[in-house]
Amino acid sequence: MADRILTTHAGSLPRPDDLADMVWAQMDGEDVDEAALEAKMDEAVVDLVAKQREVGLDVISDGEMSKPGFSTYVNTRFSGFGGGTSEFQSDDVAPFPELAMKLFANPQTAHLGFSFCVGPVELSDKEAVNRDIARFKSALGDADPSTAFMGTISPGQIAFNYPDQHYGSHEKYLAACAEALAHEYRAIIDAGFNLQIDSPDMAMAAHARSVGSSVGDWHHHLPLAVEALNGALEDIPAERVRFHVCWGNTGTPHHLDVPLADIIDHVLNVNAGTIYVEGANPRHAHEWRVFRDVPLPDDKSVILGVIDVKHPRLVADRLVQVGKLVGKDRLMAGTDCGFGTFIRWSLVDPGVMWLKLGSMVEGAQIASEEL
């Protein structure tokens, strides 16, 4: 057990421009040399592993270099999706059409690729996750894979992004997504990595949706989504699983975000040894108090998002607040969300990103000493 607060992040990191160009070209239907693309991914992961180590991060990822987005990778790995592009609605930005145009009318959103579920959801490329695993292991060299993690999504997130036009039942749709995802969950665990499951739907379903989604009322969706996810996690050790929940890393007002206190019971019901929540977003920076009011189960730990600014003292203060409630040995420092959620979808310059991560490492060191 570490005698200090370890540092990590939410998984996705910005892709190099040459790699992003190739992935976008592939998405646009252009011919792309597959061997050259794989080589670019290999090179990008090696570089990212080195940079994460250099900045001092403890638990690192492959940056999701092979994925066009943290959730849109299902388009290339799973069958059953198509039928055009679905429209996404967010209630907090709806009254501000000019802001919506600035945020979403750009080349990045044109390459997001949310569509519809139009057929059975099945794994069509079983080797994709194994290629990711082999690439990451090669970049890590002799390092213990338990000091690293790989990201995936939840069944609920697929249902949230891709409206169902096939199953006619939200429960059946979630169950099919869970069955398809279980393969990559198990593959990542069997490879020795920690498994991170990204599930923004847990927080965002209260105020956002893809038009035509079967998600409906979030009070109905959340318990069903947790049940489906736990089914996919059957026989996987909870201590190897990190469950990441966020309210979206866009520049929307966020004034309609559901409070963490209203969803924390559902989050804690997931068979994950670590819950990962935002603590830096100004709309949620006060919600460390949830851990004062809701005791953290003995078998769970917390990764707290602490990065939106760069000063280590503020990072330390945020960690100390929660560390006093849950204990230093059950706390890690992280980022609220990924820095490369989708290709070229980032509000932070990559160079500034590394400064922020360095401040997080320094702030965690300060908090460790104070706790």
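This is a predicted model, so every value here is computed, not measured.

J.: Is there a simple way to think about the pattern of salt bridges in this case?
T.: Pairing of side chains with opposite charge becomes possible as their charged atoms draw close. On inspection of all chains with the given rule, the structure shows 14 salt bridges. A salt bridge links Asp-132 to Arg-135; its shortest N-O distance comes to 3.2 Å. One end of the pair, Asp-132, and the other, Arg-135, are both in helix 6 (residues 127–140), three residues apart, so they sit about a helical turn from each other. Accessibility classification places Asp-132 together with Arg-135 in one group, the buried group. Sharing partners across several salt bridges, the network here consists of Glu-38, Asp-42, Arg-77, Asp-125, Arg-131, Asp-132 and Arg-135.

J.: When you look at the pairing of strand 10 (residues 301–305) in this model, what are you seeing that I'm missing?
T.: Taken residue by residue, a regular strand's side chains alternate between the two faces of the sheet. For strand 10, a buried count of four out of five residues is recorded, marking the element as mostly surrounded by other parts of the structure. In this structure, strand 9 (residues 274–277) lies alongside strand 10, joined through four bridges in parallel fashion. Within strand 10, the residue paired with Ile-275 across the bridge is Val-302. Relative to strand 11 (residues 331–334), strand 10 is paired through four bridges, and the arrangement is parallel. The residue bridging Gly-305 from the neighbouring strand is Gly-334, located in strand 11.

J.: Whenever I open this one, helix 10 (residues 218–232) confuses me. Can you help?
T.: Between its first and last C-alpha, helix 10 extends 21 Å over 15 residues, near the 21 Å set by a 1.5 Å rise per residue. What helix 10 keeps buried is the set Trp-218, His-221, Leu-222, Leu-224, Ala-225, Val-226, Ala-228, Leu-229, Asn-230 and Ala-232. Capping of helix 10 at its N-terminal end is provided by Asp-217; its side-chain oxygen lies 2.9 Å from the backbone amide nitrogen of His-219.

J.: Would you mind showing me how to read the packing of aromatic side chains here?
T.: How two aromatic rings sit relative to each other is given by the distance of their centres and the angle of their planes. Applying the stated criterion to the full structure yields five aromatic pairs. Relative to Tyr-162, the ring of Phe-114 has its centre 5.7 Å away and its plane inclined at 90°; by these criteria the two rings are edge-to-face. With a gap of 48 residues between them, Phe-114 in the loop between helix 5 (107–110) and strand 4 (116–123) and Tyr-162 in the loop between helix 7 (155–161) and helix 8 (170–190) connect regions that are remote in the sequence. The exposure class of Phe-114 is buried, given its relative accessible area of 10%. By way of ring pairs, the aromatic residues Phe-81, Phe-114 and Tyr-162 are connected into one cluster. Between the NZ or CZ atom of Arg-242 and the centre of the ring of Phe-149, over which it lies, the distance is 3.8 Å.

J.: Mind showing me how you'd approach the sheet that holds strand 8 (residues 241–244) here?
T.: Hydrogen bonds between backbone atoms are what pair the strands of a sheet, whose relative direction is either parallel or antiparallel. The strand order across the open sheet formed by seven strands is 1-11-10-9-8-6-5, and the pairing between neighbours is parallel. The two strands at the open ends of the sheet, each matched to only one other strand, are strand 1 (6–7) and strand 5 (149–153). Pairing between strand 8 and strand 9: three bridges, direction parallel. By the bridge assignment for strand 9, Arg-242 is matched with Thr-274. Lying over the sheet, helix 8 contacts strand 5 and strand 6 (194–198), oriented at roughly 175° with respect to strand 5. Here helix 13 (residues 312–326) sits on the sheet and contacts strand 10 and strand 11; the angle it forms with strand 11, its principal contact strand, is near 160°.

J.: I keep staring at unusual backbone geometry and nothing clicks. Help me out?
T.: What is expected of a backbone is that most residues other than glycine have negative phi and most peptide bonds are trans. Even without a glycine there, the phi angle at Asp-235 is positive, about 70°. In this structure, Asp-235 sits in the loop between helix 10 and strand 8. Overall, the relative accessible area of 68% leaves Asp-235 in the exposed class. Not every positive phi belongs to a glycine, and His-254 is a case in point at roughly 65°.

Each value, and the rule that gives it
Residues numbered from 1 in each chain as written. Predicted model: local features only at pLDDT ≥ 70, side-chain atom pairs only at ≥ 80, totals over all residues. Heavy atoms only, no water. Salt bridge = Lys/Arg side-chain N within 4 Å of Asp/Glu carboxyl O. Helix = DSSP H or I, 4+ residues; strand = E, 2+ residues; numbered from the N terminus. Buried < 20%, exposed > 50% of the residue type's maximum accessible area, 1.4 Å probe, protein only. Pairing = 2+ DSSP bridges. Expected span 1.5 Å × (residues − 1). Polar contact = N/O pair within 3.5 Å; in protein donor to acceptor, adjacent residues only side chain to side chain. Phe/Tyr/Trp six-rings, centres within 6.5 Å; stacked < 30°, edge-to-face > 60°. Lys NZ or Arg CZ within 6 Å of the ring centre and 35° of its normal. Contact = heavy atoms within 4.5 Å. Axes fitted to C-alpha atoms, helices over the stretch in contact; angles between N-to-C directions.

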